[in-house]
Amino acid sequence: MMVERKNRLILAAFFAFILSGCSVPQQENHFSPQARPIVHTEAMELACKNQAAFRYNTQPQRINLSDFKQYQASYEMMGSTARKEGFTCSFDESGQFSHLSSRENLNQRATT
């Protein structure tokens, strides 16, 4: 009889513990798009165009920016020159220019 009562108490405590976990409000997902606003600014575009113009020996007005992507701790801006040379500008999480990466020449892209 004592063992039965002990088992009932353990079972009741277990169910109370499980049910209390259901009543805890869910935490906000820190990786959701709402957690961090997009920092796409004209200053980022200008920095990217200036860096690309310097790298490809052209004028910033001849640089075309085509895409902007946001990642967990960085941003990327893709573009090309008038000669169809592709590049990607990378920015840190605060929007400061990080580096410029060359991409394949868009004129030499194989079509299959």
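This text goes with the structure placed above it.
Residues numbered from 1 in each chain as written. Predicted model: local features only at pLDDT ≥ 70, side-chain atom pairs only at ≥ 80, totals over all residues. Heavy atoms only, no water.

Colleague: Can you break down the overall build of the chain residue by residue, with the values?
Modeller: Of the regular secondary structure elements, the chain holds two helices and four strands. Along the chain, from the amino end to the carboxyl end, the secondary structure elements read α-α-β-β-β-β. Expressed as a percentage of its 112 residues, the buried residues of the chain come to 21%. Pairs at least 24 apart in sequence give 34% of the contacts found in the chain among residues at least 6 apart. Surface exposure of the chain reaches about 9000 Å², of which carbon and sulfur atoms provide 54%. (Helix = DSSP H or I, 4+ residues; strand = E, 2+ residues; numbered from the N terminus. Buried < 20%, exposed > 50% of the residue type's maximum accessible area, 1.4 Å probe, protein only. Contact = heavy atoms within 4.5 Å. Areas by Shrake-Rupley, 256 points an atom, 1.4 Å probe, with all protein chains shown as cover.)

Colleague: Give a detailed account of the environment of Tyr56, specifying residues and quantitative values.
Modeller: Here Tyr56 is to be found in the loop between helix H2 (42-55) and strand E1 (64-70). Once the C-alpha coordinates of Tyr56 and Ser80 are considered, the two residues, 24 residues apart in sequence, prove to be 9.9 Å apart. Contact partners of Tyr56, with chain neighbours within four places excluded, come to Thr81, Arg83, Glu85, Gly86, Phe87 and Ser102.

Colleague: Break down the pattern of salt bridges for me, with residues and values.
Modeller: Scanning the model with the defined rule gives one salt bridge in all. Two residues, Glu85 and Arg83, come together in a salt bridge whose shortest N-O distance is 3.3 Å. (Salt bridge = Lys/Arg side-chain N within 4 Å of Asp/Glu carboxyl O.)

Colleague: Tell me about the packing of aromatic side chains, and name the residues and values.
Modeller: The full count for this structure, using the stated rule, is three aromatic pairs. Plain terms: the ring middles of Tyr56 and Phe87 are 6.0 Å apart, the flat faces sit at 35° to each other, and that makes the pair tilted. Here Tyr56, found in the loop between H2 and E1, pairs with Phe87, found in strand E3 (residues 85-92); they are 31 residues apart in sequence, far enough to count as distant. For the pair shown, Tyr56 and Phe87 are each scored as buried. (Phe/Tyr/Trp six-rings, centres within 6.5 Å; stacked < 30°, edge-to-face > 60°.)

Colleague: Lay out the nonpolar core in plain terms, naming residues and giving numbers.
Modeller: Among the nonpolar cores identified, the biggest contains 13 residues, and Met44, Cys48, Ala52, Met77, Phe87, Cys89 and Phe91 are the most heavily contacted of them. Only H2, strand E2 (74-80) and E3 provide two or more residues apiece to this core. Here this core takes four residues from H2, the largest share from any one element. (Core = buried A, V, L, I, M, F, W, Y, C linked by side-chain atoms within 4.5 Å.)

Colleague: Tell me about H2, and name the residues and values.
Modeller: Over its 14 residues, H2 extends 20 Å from the first C-alpha to the last, a length consistent with the 20 Å expected when each residue adds 1.5 Å. Following H2 by one or two positions, Asn57 has its phi on the positive side, about 55°. (Expected span 1.5 Å × (residues − 1).)

Colleague: Outline the pairing of E2, listing residues and values.
Modeller: Here E2 lies mainly inside the structure; five of its seven residues are buried. As defined by bridge partners, E1 adjoins E2 across six bridges and the pair is classed as antiparallel. Looking across to E2, one finds that Asn64 is bridged to Ser80. With antiparallel pairing between neighbouring strands as the criterion, E1 and E2 make up a hairpin whose turn holds three residues. Judged from the seven bridges that link them, E2 and E3 form a sheet pairing that is antiparallel. What sits directly across from Gly79, in E3, is Phe87. Once E2 ends, the chain turns through four residues before running back antiparallel as E3, passing Lys84 with a positive phi of about 65°. (Pairing = 2+ DSSP bridges.)

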